[in-house]
Amino acid sequence: MHQGLQKVMFGLTSIAVALVVTGCGGTNAVEVSGPPTPTFPPGVVPSATLDDTRTKLSSIAQDECARDDPATIYPTCARFVGEVQAVLPAIREQAPRATQAADTVQTGLQRFVGGGCVNAANSGPAGEPQTCGPALGTLQQDLRSLVTAVGR
């Protein structure tokens, strides 16, 4: 029985290798040349235009986590953090003059997340108000500066 199982495994492995080799050896391969495509974090799709990015950024700036009292709202801001992180690559690409402001926001995001201020769903309470409130307050300010730097 043991030898029979080995033969079956060998056969399946051989078929898998043959399929991979066949798929990779095709003559229909397309070669792409030109400047490299910018890479973005998983799930991030850059906006089509600077106007689209400005609209997205303006929408983010209206989020309650961007406007409300940071000491009380911070535990609910995981989605907000994700939205801000997602728009930064597009800002850097489409509004190079705003790169410094985007870097400042990125640093604020790291401080906020690193302070334990964002918790995963059902993982218990977020960080301490004395750490997270000021961290979100600074992030709110930095986001307003970013909106100004990108322009309307």
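Residues numbered from 1 in each chain as written. Predicted model: local features only at pLDDT ≥ 70, side-chain atom pairs only at ≥ 80, totals over all residues. Heavy atoms only, no water.

1. As for helix 5 (residues 78–94)
- Helix length check: helix 5 (17 residues) gives 25 Å between terminal C-alpha atoms against 24 Å at 1.5 Å per residue, within 8%.
- Taking the largest bend as the criterion, helix 5 deviates by roughly 25°, centred on Leu-88, and proline Pro-89 comes between one and four positions later.
- Taken together, the buried residues of helix 5 touch helix 2 (50–61), helix 3 (64–67), helix 6 (99–114) and helix 7 (129–150). (Helix = DSSP H or I, 4+ residues; strand = E, 2+ residues; numbered from the N terminus. Expected span 1.5 Å × (residues − 1). Bend = angle between axes of the 7 residues up to and from the residue. Contact = heavy atoms within 4.5 Å.)

2. Structural notes on the pattern of salt bridges
- Taken as a whole, this structure holds 5 salt bridges when the rule is applied.
- Note that Arg-79 and Asp-63 form a salt bridge whose closest N and O atoms lie 2.8 Å from each other. Taken together, the residues span a long stretch of sequence, with Arg-79 in helix 5 and Asp-63 in the loop between helix 2 and helix 3 at a distance of 16 residues.
- Its relative accessible area of 52% is what places Arg-79 among the exposed residues.
- Put simply, Asp-103 and Arg-92 hold a salt bridge, and the shortest N to O gap is 2.9 Å. Here Asp-103, found in helix 6, pairs with Arg-92, found in helix 5; they are 11 residues apart in sequence, far enough to count as distant.
- Judged by its relative accessible area of 37%, Asp-103 is partly exposed.
- Taking the relative accessible area as the measure of exposure, Arg-92 reaches 29% and is therefore partly exposed. (Salt bridge = Lys/Arg side-chain N within 4 Å of Asp/Glu carboxyl O. Buried < 20%, exposed > 50% of the residue type's maximum accessible area, 1.4 Å probe, protein only.)

3. Details of the state of the cysteines
- Under the counting rule described, the total for this entry stands at 2 disulfides.
- Bridging Cys-117 to Cys-132, the disulfide has an S-S length of 2.1 Å. What sets the handedness of the Cys-117 and Cys-132 disulfide is the S-S torsion sign, and at about -90° it is left-handed. Taken as a pair, Cys-117 in the loop between helix 6 and helix 7 and Cys-132 in helix 7 lie far apart in primary sequence, 15 residues in all. Comparing Cys-117 with Cys-132 shows no difference in burial state: the two are buried.
- Counting only the cysteines that form disulfides, in the order they appear in the protein, gives the pairing 1-2, 3-4. (Disulfide = S-S within 2.5 Å.)

4. Focus: helix 7
- Between its first and last C-alpha atoms helix 7 spans 31 Å; for 22 residues at 1.5 Å apiece the expected length is 32 Å, and the two agree.
- What helix 7 keeps buried is the set Cys-132, Gly-133, Ala-135, Leu-136, Gly-137, Leu-139, Gln-140, Asp-142, Leu-143, Leu-146, Val-147 and Val-150.
- A positive phi of about 90° marks Gly-151, the residue just after helix 7.

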